[in-house]
Amino acid sequence: EKGGYDHFMLKEIYEQPKALRDTMASRLGEQEVILQEFKLSAEEVKDLHKVFIVACGTAWHAGLVGKTLIERWARIPVEVDIASEFRYRSPLIDKHTMVVVISQSGETADTLAALREAKKLGARVVAVTNVVGSSVSREAHDVIYTWAGPEIAVASTKAYTTQLEGMVLLGLYLAQARGTMSPEKIGQVITALKEIPTQAQEVLEQAKDIEDFAQSFVDVEDTFFIGRSLDWNVAMEGALKLKEISYIHAEAYAAGELKHGTLALITEQTPVIAIATQMDVYDKTVSNVKEVKARDAKVIGITFQGNKDLAKSVDHVIYLPKTVVELAPILTVIPLQLLSYYVSVARGCDVDKPRNLAKSVTVE
Ligand code: M6R
């Protein structure tokens, strides 16, 4: 059932090109996103004043990326909430609010409770979920399914990348309904999105390289994942993955925030994973990388092919095929998933069933 892989997690990491392809299938025109299951009219979309995205764990990390995409493309203010926090802070919701819940399983107790609360307050509720017929899919007004197929490993991988894709589809869809993005611009993102499964495959081909340097993490106690903008959001997912399955302390930090205190923790004992794909902040990220390098940290950089100067400031670079910056998170996370996987294996951890964790958290 593991299809020749040692663990479900590795199998699921390798299933990402297919999962990504299946999730976009029949939803893309040349310059148009088609969400057949979406019942909200263009008029109702124009009438939205605000979006909340509510989720837990990895799904929350996908929501953080979703915020930037929706705000940038559809020009609607977005707040992102952890589901277990959402209900307890009297969120300002009315019928002009869209609440997007993201849940792989569609059964997470806090996410489901948030959905019910949002409905009670009169919001339009959209679910992004991977399980057809799940509680979340049944109770939401609209559903955008991710077509990742069953995810067995506790650590989420293909669910995350397809949730990111769901955020891209939703962001473009809202932008198109509100007329905030030209069909040409939408077409450019769609063309790039169609390339993503093949590019994800290319990233997977670097697995051996990642397996090799993962060995140097075996005795590490602390790590930092840094980046700006969407890179920071992916850094959070990379850090969670490493903590979850290898039990190494990992902290994700907005690169520009390091010098406000945390830089004090960086030493030669603290490997740093620095992500630099967001080109509007690229130079700033590179100067933050130089700051950690000056503390003798061992730094692994992740950037697009062609960004040659990062190599001068880091010990090792992982290059990603070029895409539009908003899609970069889908590719960036793959080496981070592989790193966590190989570190977990090297440390002899139970990769698919990490201690104290369940695949679906049905208690609050
Ligand atoms: O099924 P859900 O997407 O609602 O699950 C949410 C989180 O419990 C989940 O993403 C968790 O953080 C993963 N184990 C992380 O790898």
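Criteria and cut-off values
Residues numbered from 1 in each chain as written. Predicted model: local features only at pLDDT ≥ 70, side-chain atom pairs only at ≥ 80, totals over all residues. Heavy atoms only, no water. Near = heavy atom within 4 Å. Polar contact = N/O pair within 3.5 Å; in protein donor to acceptor, adjacent residues only side chain to side chain. 1 Å grid on protein atoms, 1.4 Å probe; cavity = no way out; pocket = protein on both sides within 12 Å on 5 of 7 lines; lining within 4 Å. Sits in = over half its atoms within 2 Å of the grid points. Helix = DSSP H or I, 4+ residues; strand = E, 2+ residues; numbered from the N terminus. Nonpolar A, V, L, I, M, F, W, Y, C, P; charged D, E, K, R; others polar. Pairing = 2+ DSSP bridges. Axes fitted to C-alpha atoms, helices over the stretch in contact; angles between N-to-C directions. Salt bridge = Lys/Arg side-chain N within 4 Å of Asp/Glu carboxyl O. Buried < 20%, exposed > 50% of the residue type's maximum accessible area, 1.4 Å probe, protein only. Points joined across faces, edges and corners; volume = space filled by probe spheres on them. Expected span 1.5 Å × (residues − 1). Contact = heavy atoms within 4.5 Å. Parallel < 35°, antiparallel > 145°, perpendicular 65-115°, else oblique. Left-handed = near helix turned anticlockwise from the far one by under 90°. Arc of directions from axis to C-beta. Phe/Tyr/Trp six-rings, centres within 6.5 Å; stacked < 30°, edge-to-face > 60°.

A. Region of interest: the site of the ligand. Near the ligand you find 14 residues, and of these Ser103, Gln104, Ser105, Thr108 and Glu244 are the closest. Here an oxygen atom of the ligand sits 2.6 Å away from a polar atom, N or O, in the side chain of Ser103. Lys241 places a side-chain nitrogen or oxygen 2.9 Å from an oxygen atom of the ligand. According to the grid-proximity analysis, the pocket containing the ligand is the largest pocket. Mapped by element, the contributors of at least two residues to the shell around the ligand are α4 (57-74) and α11 (230-246). Looking at the shell around the ligand residue by residue, the class counts come to 5 nonpolar, 7 polar and 2 charged.

B. Representation of the sheet that holds strand β5 (residues 142-145). Taken in spatial order, the 5 strands of this open sheet run β2-β1-β3-β4-β5, and their pairing is parallel. Edge positions in the sheet fall to β2 (78-82) and β5, since each has one partner strand and no second. Here the average twist between neighbouring strands, direction ignored, is 20°. Relative to β5, strand β4 (residues 124-129) is paired through 4 bridges, and the arrangement is parallel.

C. The arrangement of the pattern of salt bridges in detail. Scanning the model with the defined rule gives 21 salt bridges in all. With a closest N to O distance of 3.1 Å, Lys11 and Glu15 form a salt bridge. The salt bridge involving Asp110 is made with Arg87; its shortest N-O contact spans 3.3 Å. Residue Asp110 is located in helix α6 (residues 109-120), and its partner Arg87 is located in the loop between α5 (83-86) and β3 (97-103); the two are separated by 23 residues in the primary sequence. Accessibility expressed as a relative area gives 11% for Asp110, which makes it buried. Salt bridges linked by common partners bring Lys50, Glu79, Asp81 and Arg89 together as one network.

D. Region of interest: empty space enclosed by the protein. Going through the model one piece at a time under the given rule, you end up with 1 cavity of 30 Å³ or more. Lining the largest cavity are Ile210, Phe213, Ile273, Ile300, Ile302, Ile318, Pro335, Leu336 and Leu339. Among the elements of the structure, α10 (207-214), β9 (299-304) and α13 (328-346) are those that each provide at least two residues to the lining of the largest cavity. Among the elements that line the lining of the largest cavity, the one with the most residues is α13, at 3 residues.

E. Molecular detail of α6. The terminal C-alpha atoms of α6, which comprises 12 residues, lie 17 Å apart, in line with the 16 Å expected from a rise of 1.5 Å per residue. Counting buried positions over the 12 residues of α6 gives 9, a clear majority of the element. Every buried residue belonging to α6 is among Ala109, Asp110, Thr111, Leu112, Ala113, Ala114, Leu115, Glu117 and Ala118, and all of these are buried. Along its buried surface, α6 packs onto β1 (50-55), α5, β3, β4 and α7 (135-139). Gly122, located one to two residues past α6, shows a positive phi value of around 95°.

F. Region of the structure containing the packing of α11 against α13. The contact between α11 and α13 brings their axes to 9 Å, and the two run at 20°. Judged by the inter-axis angle, α11 sits roughly parallel to α13. The handedness of the crossing between α11 and α13 is right-handed. Facing α11, whose interface residues are Leu230, Val234, Glu237, Gly238, Lys241, Leu242, Ile245 and Ser246, α13 presents Pro329, Thr332, Val333, Leu336, Ser340, Tyr341, Val343 and Ser344. Broken down by class, the residue content of the contact of α11 with α13 amounts to 9 nonpolar, 5 polar and 2 charged.

G. Seen up close, helix α2 (residues 16-24). Listed as buried for α2 are Gln16, Pro17, Ala19, Leu20, Thr23 and Met24. Summarising the axial view, the buried residues of α2 lie within an arc of 165°, below the 170-degree limit, and thus occupy one face. At its buried positions, α2 is contacted by α1 (8-14), β5, α8 (158-178), α9 (183-204) and α13. Where α2 terminates, the next one or two residues include Ser26, which has phi positive at roughly 60°.

H. A look at the sheet that holds strand β7 (residues 249-254). If you walk across this open sheet you meet the 5 strands as β7-β6-β8-β9-β10, and the pairing is parallel. The open sheet has two edge strands with one neighbour each: β7 and β10 (316-320). Averaged over all neighbouring strand pairs, the angle between strand axes comes to 20°, with direction disregarded. In terms of strand pairing, strand β6 (residues 222-227) meets β7 through 6 bridges, oriented parallel. Across the sheet, the residue bridging to Thr223 is Ala250, located in β7. The sheet contacts of helix α12 (residues 282-293) involve β8 (272-276) and β9, and relative to β8 the element is tilted by about 165°.

I. The arrangement of the packing of aromatic side chains in detail. The full count for this structure, using the stated rule, is 6 aromatic pairs. On the basis of an interplanar angle of 40° and a centroid distance of 5.3 Å, the ring pair of Tyr145 and Trp147 is categorised as tilted. What makes Tyr145 buried here is its relative accessible area of 15%.

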